[in-house]
Amino acid sequence: MAARTQRAATVLAVMIVALLSVPPLVVLAVQGVHGRDAQTVTPERLLQLLGNTLLLSALVVGFSLVIGTATAVITQRSTLRGRRVWSTLVTVPLVLPAYVIAVALSGMLGGGGTLSQWLAPLGIDRLPPAVGLWAATACLTIVGVPVVHALVSAALARLDPALEETARLLGDPPARAFARVVLPQLRGTLALGACVIALYVVSDFGAVSMLRYDTFTRAVYAQFRGRVDLAPAFALCSILVMVAAVFVIGQVVLRGREHAAAANARPAAPRRWGAPARIAAVVLLCAVVTASSILPIATLATWTLRGLGAGAQPGPVLVEAGNALLYGLLASIVTTVLAVPIALAARRRTRFGRVIEAVPWITHSLPHLAVGLAILVLALRGPPVLYQSTTALVLAYAVLFLPLAVAPLSVALRRIDERLLDASRVLGGSDAATLGRIVLPLALPAALTGAVLVFFAAFHELPATLLLRPTGAETLAVRLWGAMVEGQYTTASIAALLMVAISVPLLGLHARATVREAVAA
């Protein structure tokens, strides 16, 4: 691009980041300092909350890394039939927020749970209720496994198999060669997956609240609810932010030691496994898919049909689904438009451009409840029309999910051949014409991908929506959370199943369109 267009994009990007991403960070820093003297939680309680949060994070990360890596190896390195179908089924929970899984677990287990009823003929008429540490671990692991599976699958596809084949020729058995050669090359990918999952666990509010496990997010919301003084809530938020920062820094350190893949590495040929290994692989895949998709969706459907048969009215839920779709659509449009100048400014990978691109990621990595509280403070101190308004909620979504739109756009813009832009200018095209006729059309598929990612993130968002939604305008996420708090499993199941019914087909349509574009290209 011409220098003039690049400068204009950079100026606009700086304004967007300064007005959108920086203010919540400033509020969190200032309020965290002012809230340090807020004596509302005893040191013993703080240690308990910190221990609970770190223990849950460690368990979820550990189980997710082991199971997700195993499923990725099975679907990438074996000749198992239908491995692509299995890979798709494993990733289905990517479109389901943790609180939907929590609703399913609550309706599945316990004395009156659907699984208890299904197992009654076998003499098992009562299962333990889904509460506490083990339930929260199971719920968040179901959400974490697909993340690790997707990351490790992509990394395995990029690895050069030469080193592994050399180890095999030197006499190492497959398991030893994998542990000595492949795993070290996956260290950076596993560190990234661990960081993503740990940040999700630390920021999760809906699942731990529904499953009644005390973490910092529950304590923050308890300090905020019904209080005029927000200092105690921000005091806890500052600790939550520091925990998130430790995870991010640790991930950066570990990824810095990652082995680089060869530029033209050929993919590793799948190996034929023996019968015991194939049986174990199928059993593991069946267990993962059943626990993460089949049983939760079947449970939600059972509770929904049972409730509708008992006369439950889904009318309000349909209205709330419309609200969620509207807010998600507005968020995707606004966020994608704001992402374009940032991606253009970061296209040349200068140091200043990297800083502009990195600041929104800092806000995105923070717990959403903390960012939501910061935006609430800004709305209270801004024009009265912003408080509890659609504008404030959509801007909050943009603050939280701006990197999801910037990332694919940045990759697409860097892949544009400069010769196309030079040819346009030689033929007399102005900077604006080159931008409108060449750059933006080539980046359109990436922009649509980012918009879809933002839509799903906003559609599923709970804590920020709970704090900032317009008065009287509920969404599916808020309805689901409120129904679970009040013990209304039928209403919660209807809302959760409706969320699944909207999310999965939309994601399937987007994936199909993406494949068609790739084939056409």
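Just so you know, these numbers come straight off a predicted model, no measurement behind them.

### Things to note about the overall build of the protein chain
Check the secondary structure of the protein chain and you find 22 helices and 0 strands. Burial statistics for the protein chain: of 521 residues in total, 49% are counted as buried. Total accessible area computed for the protein chain in this model is approximately 24200 Å², and 67% of it derives from carbon and sulfur atoms.

### As for the confidence of the model for the protein chain
Residues with a pLDDT of 70 or more make up 81% of the protein chain, whose mean pLDDT is 80. In the predicted structure, residues 517–521 sits below a pLDDT of 50 and forms 1 contact with residues beyond four places in sequence or in another chain.

### Focus: the packing of helix α4 (residues 98–108) against helix α6 (residues 133–158)
Direction vectors running N to C along α4 and α6 enclose 130°, while the axes themselves pass 9 Å from each other. One element, α4, and the other, α6, form an angle in the oblique class. For the crossing formed where α4 meets α6, the hand is right-handed. Every residue of α6 that contacts α4 at Ala98, Ile101, Ala102 and Leu105 is listed here: Ala135, Cys139, Leu140, Ile142 and Val143. Class assignment of the residues belonging to the contact of α4 with α6 gives a composition of 9 nonpolar, no polar and no charged.

### Here's the deal with a nonpolar patch on the surface
On the surface, a cluster of nonpolar side chains totalling about 410 Å² of accessible area is made up of Val11, Leu12, Met15 and Leu19. Take methionine 15: its relative accessible area is 45%, and that puts it in the partly exposed class.

### Thoughts on helix α9 (residues 187–203)
Compared with the 24 Å implied by 1.5 Å per residue over 17 residues, the 24 Å span of α9 between its first and last C-alpha is a close match. Counting buried positions along α9 gives 13 out of 17 residues, so the element sits mostly inside the fold.

### Focus: the side chain of histidine 460
Along the chain, histidine 460 falls in helix α19 (residues 431–460). At 3.0 Å, the side chain of histidine 460 forms a polar contact with the side chain of serine 503. Setting aside residues no more than four positions away along its own chain, histidine 460 makes contact with Val95, Pro97, Tyr99, Ala477, Met499 and Ser503.

### A few points about the packing of aromatic side chains
Scanning the entire structure with this criterion turns up 4 aromatic pairs. On the basis of an interplanar angle of 15° and a centroid distance of 5.7 Å, the ring pair of phenylalanine 455 and phenylalanine 459 is categorised as stacked. Of this pair, phenylalanine 455 and phenylalanine 459 both sit in helix α19, 4 residues apart, which is roughly one turn of that helix. Accessibility assignment for this pair places phenylalanine 455 and phenylalanine 459 in one class, buried. Three or more aromatic residues link up through ring pairs in this structure, and these residues are Phe455, Phe456 and Phe459. Geometry around tryptophan 303 places arginine 306 over its ring, the cationic atom sitting 4.7 Å from the centre.

### Comments concerning the environment of alanine 72
Note that alanine 72 resides in helix α2 (residues 43–77). The exposure class of alanine 72 is buried, given its relative accessible area of 0%. Sequence separation between alanine 72 and alanine 150 is 78 residues, and the spatial gap between their C-alpha atoms is 7.4 Å. Those residues in contact with alanine 72 that sit more than four places away from it in its chain are Arg77, His149, Val152, Ser153 and Leu156.

### Regarding the nonpolar core
Core analysis: the biggest nonpolar cluster contains 130 residues, and Leu373 and Leu480 have the highest contact counts within it. No other element matches the 12 residues that helix α17 (residues 390–414) contributes to this core. In contact with leucine 480, not counting residues within four places along its chain, are Tyr99, Val100, Val103, Met210, Ala492, Ala495 and Ala496. Trp86, Val90, Ala281 and Val289 belong to the second largest nonpolar core, which has 9 residues in total.

### With respect to the pattern of salt bridges
With the rule as written, the count across this model stands at 4 salt bridges. The partner of glutamate 320 in a salt bridge is arginine 479, with the nearest N and O atoms 2.8 Å apart. With glutamate 320 in helix α14 (residues 315–345) and arginine 479 in helix α21 (residues 476–485), this residue pair connects regions lying 159 residues apart in the sequence. Given the relative accessible area of 5%, glutamate 320 is considered buried. Residue arginine 479 is classed as partly exposed on the basis of its relative accessible area, which comes to 27%. Here the residues in one salt-bridge network are Arg45, Asp214 and Arg218, joined through shared partners.

### Observations concerning α17
Along its 25 residues, α17 runs 34 Å from first to last C-alpha, staying within 8% of the 36 Å computed at 1.5 Å per residue. At phenylalanine 401, α17 shows its largest bend, some 60°, and a proline, proline 403, comes one to four positions later. For α17, a buried count of 18 out of 25 residues is recorded, marking the element as mostly surrounded by other parts of the structure.

The rules we used
- Residues numbered from 1 in each chain as written.
- Predicted model: local features only at pLDDT ≥ 70, side-chain atom pairs only at ≥ 80, totals over all residues.
- Heavy atoms only, no water.
- Helix = DSSP H or I, 4+ residues; strand = E, 2+ residues; numbered from the N terminus.
- Buried < 20%, exposed > 50% of the residue type's maximum accessible area, 1.4 Å probe, protein only.
- Areas by Shrake-Rupley, 256 points an atom, 1.4 Å probe, with all protein chains shown as cover.
- pLDDT = per-residue confidence, 0-100.
- Contact = heavy atoms within 4.5 Å.
- Axes fitted to C-alpha atoms, helices over the stretch in contact; angles between N-to-C directions.
- Parallel < 35°, antiparallel > 145°, perpendicular 65-115°, else oblique.
- Left-handed = near helix turned anticlockwise from the far one by under 90°.
- Nonpolar A, V, L, I, M, F, W, Y, C, P; charged D, E, K, R; others polar.
- Patch = residues over 30% accessible without salt bridge, like charges linked within 9 Å, V, L, I, M, F, W, Y side chains within 5 Å.
- Salt bridge = Lys/Arg side-chain N within 4 Å of Asp/Glu carboxyl O.
- Expected span 1.5 Å × (residues − 1).
- Polar contact = N/O pair within 3.5 Å; in protein donor to acceptor, adjacent residues only side chain to side chain.
- Phe/Tyr/Trp six-rings, centres within 6.5 Å; stacked < 30°, edge-to-face > 60°.
- Lys NZ or Arg CZ within 6 Å of the ring centre and 35° of its normal.
- Core = buried A, V, L, I, M, F, W, Y, C linked by side-chain atoms within 4.5 Å.
- Bend = angle between axes of the 7 residues up to and from the residue.

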